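Spelled out, the chains give:
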Amino acid sequence: MCLAIPAEVIELMPGSMGRVSIDGIVKVVSLALVDDVAVGDHVLLHVGFALSRIDPQEAAETLALLKEMGELAEFEPAEFLG
Amino acid sequence: MKFASEFRDGKLARKITATIAAECRPDRQYSFMEFCGGHTHTIARYGLEAMLPGSIRLVHGPGCPVCVLPVGRIDSAIELACDHGVILCTYGDTMRVPGSHRLSLLKAKAAGGDIRMVWSTLDALKIARDNPGRDVVFFAIGFETTTPPTAMAVKMARAEGLKNFSIFCNHVLTPSAMRAVFEGGSLPLQGVIGPGHVSAVIGIDAYREFSDEGMPVVVAGFEPLDLLQAILMLVRQVNEDRPRVENAYVRALPAVGNEKARGVIAETMTLRKSFEWRGLGTLPDSAVRLADDYADFDAERRFDLPYRTVPDPKSCACAEVVRGIKHPQDCPLFGRGCTPDNPIGSCMVSSEGGCAAHWLYGRHNMAGKGQKEPA
Ligand code: SF4
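Residues numbered from 1 in each chain as written. Chains lettered and ligands numbered in written order. Predicted model: local features only at pLDDT ≥ 70, side-chain atom pairs only at ≥ 80, totals over all residues. Heavy atoms only, no water.

Overview of the overall build of chain A
Line of reasoning, step 1. The secondary structure content of chain A amounts to one helix and five strands.
Line of reasoning, step 2. Each helix and strand of chain A, ordered N terminal to C terminal, gives the series β-β-β-β-β-α.
Line of reasoning, step 3. Here chain A holds 82 residues, and the buried ones make up 46% of them.
Line of reasoning, step 4. On chain A, roughly 4100 Å² of surface is accessible, and the fraction owed to carbon and sulfur atoms is 54%. (Helix = DSSP H or I, 4+ residues; strand = E, 2+ residues; numbered from the N terminus. Buried < 20%, exposed > 50% of the residue type's maximum accessible area, 1.4 Å probe, protein only. Areas by Shrake-Rupley, 256 points an atom, 1.4 Å probe, with all protein chains shown as cover.)

With respect to the sheet that holds strand β1 (residues 30-36) of chain B
All names here are of chain B.
Line of reasoning, step 1. One open sheet holds the five strands; their spatial order is β2-β1-β7-β8-β9, and the pairing between them is parallel. Of all the strands in the sheet, just β2 (56-63) and β9 (245-247) have a single pairing partner and so form its edges. Mean inter-strand twist for the sheet, computed between neighbouring axes without regard to direction, equals 25°.
Line of reasoning, step 2. By the bridge criterion, three bridges tie β1 to strand β7 (residues 191-195) in an arrangement that is parallel. Its bridge partner being in β7, Glu34 is matched across the sheet by Ile193. (Pairing = 2+ DSSP bridges. Axes fitted to C-alpha atoms, helices over the stretch in contact; angles between N-to-C directions.)

Notes on the interface of chain A and chain B
Accessible area lost on assembly of the parts is the figure often given for the size of an interface.
Line of reasoning, step 1. Counting from both sides, the interface comprises 44 residues of chain A and, opposite them, 51 residues of chain B.
Line of reasoning, step 2. Summed over both partners, the interface of chain A with chain B buries about 4300 Å², with 72% contributed by carbon and sulfur atoms.
Line of reasoning, step 3. For the pair chain A and chain B, the number of links is one salt bridge.
Line of reasoning, step 4. Summed over the shared surface of chain A and chain B, the number is 10 residue pairs in polar contact (both at pLDDT 80 or more).
Line of reasoning, step 5. Counting only elements with at least two residues in the side of chain A that touches chain B, the list comes to β1 (5-13), β2 (17-22), β3 (25-30), β4 (42-46), β5 (49-53) and α1 (56-71) of chain A. (Contact = heavy atoms within 4.5 Å. Buried area = accessible area lost by both parts, 1.4 Å probe. Salt bridge = Lys/Arg side-chain N within 4 Å of Asp/Glu carboxyl O. Polar contact = N/O pair within 3.5 Å; in protein donor to acceptor, adjacent residues only side chain to side chain.)

Quick word on empty space enclosed by the protein
Residue and element names in this part refer to chain B.
Line of reasoning, step 1. Per the counting criterion, the structure on display carries two cavities of 30 Å³ or more.
Line of reasoning, step 2. Here the largest cavity is characterised by a volume of approximately 80 Å³.
Line of reasoning, step 3. If you go around the largest cavity, you meet 13 residues; those closest to its centre are Ala317, Cys318, Cys331, Cys338 and Cys355.
Line of reasoning, step 4. Here the residues of the lining of the largest cavity sort into 12 nonpolar, one polar and no charged.
Line of reasoning, step 5. By volume, the second largest cavity is sized at about 30 Å³.
Line of reasoning, step 6. Only α4 (65-68) and β5 (136-142) provide two or more residues apiece to the lining of the second largest cavity. (1 Å grid on protein atoms, 1.4 Å probe; cavity = no way out; pocket = protein on both sides within 12 Å on 5 of 7 lines; lining within 4 Å. Points joined across faces, edges and corners; volume = space filled by probe spheres on them. Nonpolar A, V, L, I, M, F, W, Y, C, P; charged D, E, K, R; others polar.)

Observations concerning the site of the ligand
Residue and element names in this part refer to chain B.
Line of reasoning, step 1. In the neighbourhood of the ligand, the contacting residues comprise Cys316, Ala317, Cys318, Val321, Cys331, Leu333, Phe334, Cys338, Gly345, Cys347, Met348 and Cys355.
Line of reasoning, step 2. Structurally, the ligand is housed in the largest cavity.
Line of reasoning, step 3. Considering only residue class, the shell around the ligand consists of 11 nonpolar, one polar and no charged. (Near = heavy atom within 4 Å. Sits in = over half its atoms within 2 Å of the grid points.)

Some remarks on the state of the cysteines
Residue and element names in this part refer to chain B.
Line of reasoning, step 1. With the rule as written, the count across this model stands at one disulfide over all chains.
Line of reasoning, step 2. Covalent S-S linkage joins Cys64 and Cys67, the inter-sulfur distance amounting to 2.5 Å. Judged by the sign of its S-S torsion, about 70°, the bond between Cys64 and Cys67 is right-handed. With respect to burial, Cys64 and Cys67 carry one shared label: buried. (Disulfide = S-S within 2.5 Å.)

Considering the confidence of the model for chain B
Residue and element names in this part refer to chain B.
Line of reasoning, step 1. Across chain B, the average pLDDT comes to 92, with 96% of residues at or above 70.
Line of reasoning, step 2. Residue range residues 364-375 is modelled with pLDDT below 50. Its contacts to residues more than four positions away, or to other chains, number 16 contacts.
Line of reasoning, step 3. Across the interface, the model reports ipTM at 0.89; the global pTM reads 0.91. (pLDDT = per-residue confidence, 0-100.)

Observations regarding unusual backbone geometry
All names here are of chain B.
Line of reasoning, step 1. Of note in this structure, His101 is not a glycine but carries a positive phi near 55°.
Line of reasoning, step 2. For His101, a relative accessible area of 74% translates into the label exposed.
Line of reasoning, step 3. Even without being glycine, Asp241 reaches a positive phi, approximately 55°.

Some remarks on the confidence of the model for chain A
Line of reasoning, step 1. Averaged over all residues, the pLDDT of chain A is 88; the fraction at 70 or higher stands at 87%.
Line of reasoning, step 2. The low-confidence segment residues 77-82 of chain A, where pLDDT is below 50, has eight contacts with residues more than four positions distant or belonging to other chains.

Details of the pairing of β2(A)
Residue and element names in this part refer to chain A.
Line of reasoning, step 1. Among the six residues that make up β2, five are buried, leaving the element largely enclosed by the rest of the structure.
Line of reasoning, step 2. Two strands pair when backbone bridges link them, and β1 and β2 are joined in this way by five bridges, in the antiparallel orientation. Note that in β2 the partner of Val9 across the bridge is Val20.
Line of reasoning, step 3. Between the antiparallel neighbours β1 and β2 lie three residues, among them Gly15 with a positive phi of about 70°.
Line of reasoning, step 4. As paired elements, β2 and β3 share six bridges and run antiparallel to each other. Bridged to Arg19 within β3 is Val28.

Structure below.
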């Protein structure tokens, strides 16, 4: 219910509306709740409304952090992995 | 899907669980509540619990709006469609929730009620525009994530002068539910995985009251790696004995949340003095209704809609499942009389409900099929 998914903005429309693509599926949604959305931005989409903008820089940094987290225990015994 | 599939890498997931296992202290137990039903779904779907070391326990929380909606509210929605003759628009999740007398919106629709599933409040507005001679009511449920789209619809309806549109407002507040769970002394918890999309609206400071009282909170996204990251961060907080609120979902969640969305809610809605929740009882200041300035759009004021408290079905353990006190499997009805095809409690309806997630992905699944009773 609270699920929101990443969608790419492909066209801005009047009235703070916009066309977004969700993995190729195109929908008309409201962009009224997020400031200064531009074509090419990714937004977090929830029941027809963009709730926030996804920051590609932060996404890359989190992925780098996750890789780091995954490397810490490489030499630890991992018998529970079974 | 960009910004989603990268966070599903199974190999990396195993490496991170190895780090988690290495950092768990042998003398400690770690019980973390995932507040949000969306997290419950991810955990069950990707089998995360089985990958984690035995000292970590994940406890399902009350963050499934369908599960915490009391039967009386479903009854009112059915009444709107059947007795008041409105076009009732609703998100799909509510259609199969059991009301009184084994009714549901789905059955009411089959019996002739004009009930329409919508994807967005924008669709409900369109239905109102297309049917100027009919009253159109949007059955609004959900936590803070889902509230701004309802608030926007009210504003848009007023701006357009759409007089046949109103809201049956059942939006509830996350911090109230958290407080109720902690105060209700459910299981001993060492930390909470905070809801990512609720927080995208309310911001992470909303949980400071809990960390100030010693409860570590890490807000997480909804992919498996997001959850593992949050769990590792919680383990570290517990080990350091330094409870705080942390954000593990920075790509989509500014710490301040969405001020614009909160502004629209503040303009159109106001706190209810009290609201009944399924499983948590009647809680003060835990839900919103339309503000007096928007009373014309409030279905509860437009139609005669008295609220009646209805007890949960006998032997249904939904109340305990919602509070994390019981595991779905502990309910005597689980898989015997209560299944997604024939739900008795709401936790079996929405895929984010604890019982549905456990039914769909749980280990009992293979054996469970044979136990299914005829409807
Ligand atoms: S199995 Fe059904 S009745 Fe039992 S707690 Fe779950 S939803 Fe409620």
